[in-house]
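What the coordinates show
Single-letter residue listing:
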Amino acid sequence: MNIHRERPVYYVSARPEAYEYWGEVDKDNAHDMAKLIIDHAGKHFPRIEFRTDEEWHVHPLGMEPVAVYIDDHLQSWANKAAQRKQSCRKPDKHS
């Protein structure tokens, strides 16, 4: 018998307020942060489906390890993404 079970879902907020503990965050940056979380956490937790939206969420029981993993790694993910973005920029002609 093949019983299809849906994967649990972890929602990642793309609201700017979710990331303002680092300072002012606009809507585009909030979406970038949510995508960064989904990309990294999704690789670490392949049995969980990650989705983003504009809501605040209380995560279901059992998702605590996901939240802890994200909290422990988000700063380093953001730093690496910023470094990659900076290295991809073309030099200013006036420099």
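Look up a bit, the structure's there.
Residues numbered from 1 in each chain as written. Predicted model: local features only at pLDDT ≥ 70, side-chain atom pairs only at ≥ 80, totals over all residues. Heavy atoms only, no water.

Looking at the pattern of salt bridges
- Applying the stated criterion across every chain yields a total of three salt bridges.
- When the shortest N-O distance is used, the salt bridge between Arg15 and Glu17 registers 3.4 Å.
- Relative accessible area serves as the criterion here: at 24%, Arg15 is assigned to the partly exposed category. (Salt bridge = Lys/Arg side-chain N within 4 Å of Asp/Glu carboxyl O. Buried < 20%, exposed > 50% of the residue type's maximum accessible area, 1.4 Å probe, protein only.)

Concerning the environment of Arg47
- Inspection of the secondary structure assignment puts Arg47 in the loop between helix H1 (27-44) and strand S2 (49-53).
- Looking at Arg47, the relative accessible area reads 71%, which means it is exposed.
- The spacing of Arg47 and Val9 is 38 residues in sequence and 9.2 Å in space, taken between C-alpha atoms.
- Aside from chain neighbours lying at most four places away, what touches Arg47 is Arg7 and Pro8. (Helix = DSSP H or I, 4+ residues; strand = E, 2+ residues; numbered from the N terminus. Contact = heavy atoms within 4.5 Å.)

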